[in-house]
Amino acid sequence: MSREVMEYDVVIVGGGPSGLSTAIKLKQLNPDINVCLLEKASEIGAHILSGNVFETRALDELFPNWKELNAPIQTKVSKEKFLFLGKEKSLSWPTWLLPKVQQNHKNYIISLANLCRWLAEQAEALGVEIFPGFPASEILYHDDGSVKGVATQDMGLDKEGNKKDSFEPGMELHAKVTVFAEGCRGHLGKELIKKFDLSKGKDPQQYGIGFKEIWEVNEKNHEEGLVMHTAGWPLDKNTYGGSFVYHAQNKQVYLGYVIGLDYQNPHLSPFDEFQRFKTHTAIKKMLEGGKRISYGARALIEGGLQSLPKMYMPGALLIGCDAGTLNMPKIKGSHTAMKSGMIAAEAIIDHIKESKKPLCL
Amino acid sequence: MITLKRVKNLSVYEEKFNKSWVYKELHEARNVKPSFSWGLILGIIFTGIDQILFRGKLPFTLRHKHADHETLKMADKMPKIDYPKPDNIITFDKTSSVYLTGTNHTDNQPVHLKLKDPELPIKYTLDKYDEPAQRYCPAGVYEVQYENDLAKFVINSQNCIHCKTCDIKEPSQNITWVTPEGGGGPKYGNM
Ligand SMILES: Cc1cc2nc3c(=O)[nH]c(=O)nc-3n(C[C@H](O)[C@H](O)[C@H](O)COP(=O)(O)OP(=O)(O)OC[C@H]3O[C@@H](n4cnc5c(N)ncnc54)[C@H](O)[C@@H]3O)c2cc1C
Ligand code: SF4
């Protein structure tokens, strides 16, 4: 059975903040351009897990009127704390002594998954075709080795790879430019980095694992707009990591823990470190009487500029955390992912203009 | 559809990126993470100097020396860690946690966590590193089970929450995460 082929100007793999920003910016710059976006989750947002304290800089550029458009961004950061935890005690670090990168008073506490859902609505209104539930599983190449597009995952194979009655082959999506926006450690991005040797001359990439739980806490323990970070206990001093505690709307607290994946002790269990962290008196008293309503985890890309691969190759671009644009001291990657996606769109549009002149390669 | 030739050289993207505020931000931030490889205290002191006094403008760049899969030390050389049991009020086990992610993958599909060498976890990684996949996976996908004293490596791929940690941390890079059937994976709400 041969695969169905669909042709687009631009195919985007991944419906996170970076991919959605590319899609929107492309349509804003040229409404005639044909854009398709694939997302592996059953709906946009369902695979997004993030803190999230959000810096609006990129969004201000993309939609200066985001407030009128009812973007789900409400809780302004009103107070900040930084605690060094010892086993029993904690030491509060004055916020004025924090580096500027760790000050958040202009930022908002948001759900990044909900922001992505909103961005997807804006993208669809501009005419972007979004296909949730379609993971891109394979990169397609032209004979000259340049990227031709992607194929989506076949459906209805059994454990051994045999076709079941429900078998449906994947689709081929061909594009003039394919934009890879799979987020941290994208599996197609990884293949491209290897094939085109994009990390040549760069430092090895660095990662962390980030956990997050959402708690509904007792009203007296809730302070909407409070942003708190901790370092220290329960990690030993050679393991890089710390917690975040963000007091969001509706008595919810976004509680999380990030641990550098360069840890050395194979007996370490990141999950159990996070659980143990919650037993510290400073944290426990906030959670007591509350209820945990969500749990999840996702890797973060932390290498920064030293590890950032070359982000272009024949026929394709890498954007956002698929490339590694996260700002580690800020633990923020959403605004930089969005901006890299917007720049990718501008570059593609520029290239179209260029291409109308005699093309020099 | 508009007329757009197949784009070959997209270097204009990186040129624009390098002139943008993202690049400037990442440049100022670049020395913080590598400085923590000297430990928490030195990392904090250095970061204070680098970020508060020099605002990221120190005239050198610290390097990352190792990939994350290269950093584990041998299990018998490192201290075991005794974690407290979950109380099911403040702290929980992996099973009840994974339940909250709503993750699911239709069964009877190819396992989407591929082992380059299926024997390696038991033959090598268990002995050398006490098979750390049992611990670094946040969803309890990997288990070492014993049947008649014989160790067996089990992959509960339906529990995977697509975090990609195994693909990164496996010391021999023996695990490759590939896409499962469409729609599989967690069902996060307002995460
Ligand atoms: C615990 C934690 C806390 C964080 N806190 C903050 C914070 O407070 N502030 C901040 O700014 N940033 C924060 N970040 C970082 C931020 O979440 C990321 O930088 C941002 O999500 C990156 O956006 P992205 O679009 O590059 O990738 P992602 O958001 O990861 O999106 C990628 C999308 O692509 C989809 N996808 C992947 N592969 C495929 C495929 N093959 N086919 C189809 N679809 C695919 C995924 O399902 C996903 O929807 C945090 C991250 C974590 C893990
Ligand atoms: S991707 Fe994450 S959840 Fe899935 S098996 Fe690997 S470590 Fe476990």
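Residues numbered from 1 in each chain as written. Chains lettered and ligands numbered in written order. Predicted model: local features only at pLDDT ≥ 70, side-chain atom pairs only at ≥ 80, totals over all residues. Heavy atoms only, no water.

**Things to note about the overall build of chain B**
- The helix and strand tally for chain B stands at eight helices and four strands.
- Going from N to C terminus, chain B has its helices and strands arranged as α-α-α-α-α-β-α-α-β-β-α-β.
- The C-alpha radius of gyration of chain B comes to 22 Å, more than 25% above the 16 Å expected for a compact globule of 191 residues.
- Counting only C-alpha atoms, chain B reaches 60 × 55 × 40 Å along its principal axes.
- A total of 191 residues make up chain B; the buried ones form 51% of that total.
- Looking at chain B alone, contacts between residues at least 24 apart form 62% of all its contacts between residues at least 6 apart. (Helix = DSSP H or I, 4+ residues; strand = E, 2+ residues; numbered from the N terminus. Rg over C-alpha atoms; globule rule 2.2 N^0.38 Å. Buried < 20%, exposed > 50% of the residue type's maximum accessible area, 1.4 Å probe, protein only. Contact = heavy atoms within 4.5 Å.)

**Here we look at the overall build of chain A**
- Across its full length, chain A holds eight helices and 20 strands.
- Over its C-alpha atoms chain A spans a radius of gyration of 22 Å, differing by no more than 12% from the 21 Å that the globule rule assigns to 361 residues.
- Expressed as a percentage of its 361 residues, the buried residues of chain A come to 65%.
- Considering only residue pairs separated by 6 or more positions, chain A has 74% of its internal contacts joining residues 24 or more positions apart.
- Carbon and sulfur atoms make up 48% of the accessible area of chain A, which amounts to about 13,500 Å² in all.
- Here chain A holds 43 positive side-chain charges and 43 negative ones, and the gap between their average locations is 7 Å. (Areas by Shrake-Rupley, 256 points an atom, 1.4 Å probe, with all protein chains shown as cover. Lys, Arg positive; Asp, Glu negative; His and termini not counted. Charge placed at Lys NZ, Arg CZ, Asp CG, Glu CD.)

**With respect to the sheet that holds strand 7 (residues 108-109) of chain A**
- Strand order in the open sheet formed by three strands is 3-7-4 (chain A), and the pairing between neighbours is antiparallel. A strand with exactly one partner marks an edge of an open sheet, and here the two such strands are strand 3 (53-54) and strand 4 (75-76) of chain A. (Pairing = 2+ DSSP bridges.)

**Things to note about the site of ligand 1**
All names here are of chain A.
- In the vicinity of ligand 1 lie 37 residues, with Ser18, Glu39, Ser50, Val53 and Ser334 positioned nearest.
- Calculation on ligand 1 without its partners gives an accessible area of 1,000 Å², and the protein chains cover 96% of this total.
- Where the shell around ligand 1 is concerned, the elements lending two or more residues are helix 1 (17-29), strand 2 (35-39), strand 16 (241-247), strand 18 (291-301), helix 7 (320-323) and helix 8 (334-356).
- Per-class residue counts for the shell around ligand 1 are 18 nonpolar, 14 polar and five charged. (Near = heavy atom within 4 Å. Nonpolar A, V, L, I, M, F, W, Y, C, P; charged D, E, K, R; others polar.)

**A closer look at the site of ligand 2**
All names here are of chain B.
- Inspection of the region around ligand 2 gives 14 residues, with Cys137, Cys160, Cys163, Lys164 and Cys166 positioned closest.
- More than half of the atoms belonging to ligand 2 lie within 2 Å of the grid points that define the second largest cavity.
- Across the shell around ligand 2, the residue classes tally to eleven nonpolar, two polar and one charged. (1 Å grid on protein atoms, 1.4 Å probe; cavity = no way out; pocket = protein on both sides within 12 Å on 5 of 7 lines; lining within 4 Å. Sits in = over half its atoms within 2 Å of the grid points.)

**Quick look at the domain arrangement of chain B**
- When cut into domains, chain B gives domain 1 (1-65) and domain 2 (68-191).
- The C-alpha centroid of domain 2 of chain B is placed 32 Å from the C-alpha centroid of domain 1 of chain B. (Domains from an automatic or database assignment.)

**Let's talk about the sheet that holds strand 18 of chain A**
Residues and elements named next belong to chain A.
- Taken together, the seven strands give an open sheet; going across it, the order is 6-5-15-16-17-14-18, and neighbouring strands pair in mixed fashion. Either end of the sheet is taken by a strand with one partner, and the two such strands are strand 6 (90-93) and strand 18. Neighbour-to-neighbour, the strand axes of this sheet turn through a mean angle of 20 degrees, independent of strand direction.
- The pairing of strand 5 (residues 79-85) with strand 6 spans four bridges and is classified as antiparallel. Bridge pairing links Phe82 to Trp93 in strand 6.
- Of the strands in this sheet, strand 5, strand 14 (207-216), strand 15 (226-232), strand 16, strand 17 (252-260) and strand 18 are in contact with helix 5 (residues 270-277), which crosses strand 17 at around 135 degrees. (Axes fitted to C-alpha atoms, helices over the stretch in contact; angles between N-to-C directions.)

**Things to note about the side chain of Thr165 of chain B**
- Counting through the fold element by element, Thr165 of chain B comes out in helix 8 (residues 165-169).
- Every residue in contact with Thr165 of chain B, bar those within four places of it in the chain, is listed here: Ile209, Leu261 and Ala299 of chain A together with Tyr136 of chain B.

**Points about empty space enclosed by the protein**
Residues and elements named next belong to chain B.
- What the rule picks out here adds up to three cavities of 30 Å³ or more.
- In terms of lining, the second largest cavity is formed by 14 residues, of which the most central are Cys137, Val141, Cys160, Cys163 and Cys166.
- A per-class count over the lining of the second largest cavity returns eleven nonpolar, two polar and one charged. (Points joined across faces, edges and corners; volume = space filled by probe spheres on them.)

**Some remarks on the pairing of strand 3 (residues 150-155) of chain B**
- With six bridges connecting them, strand 2 (residues 142-147) of chain B and strand 3 of chain B associate as antiparallel partners. When the bridges of strand 3 of chain B are listed, Glu143 of chain B appears paired with Val154 of chain B.

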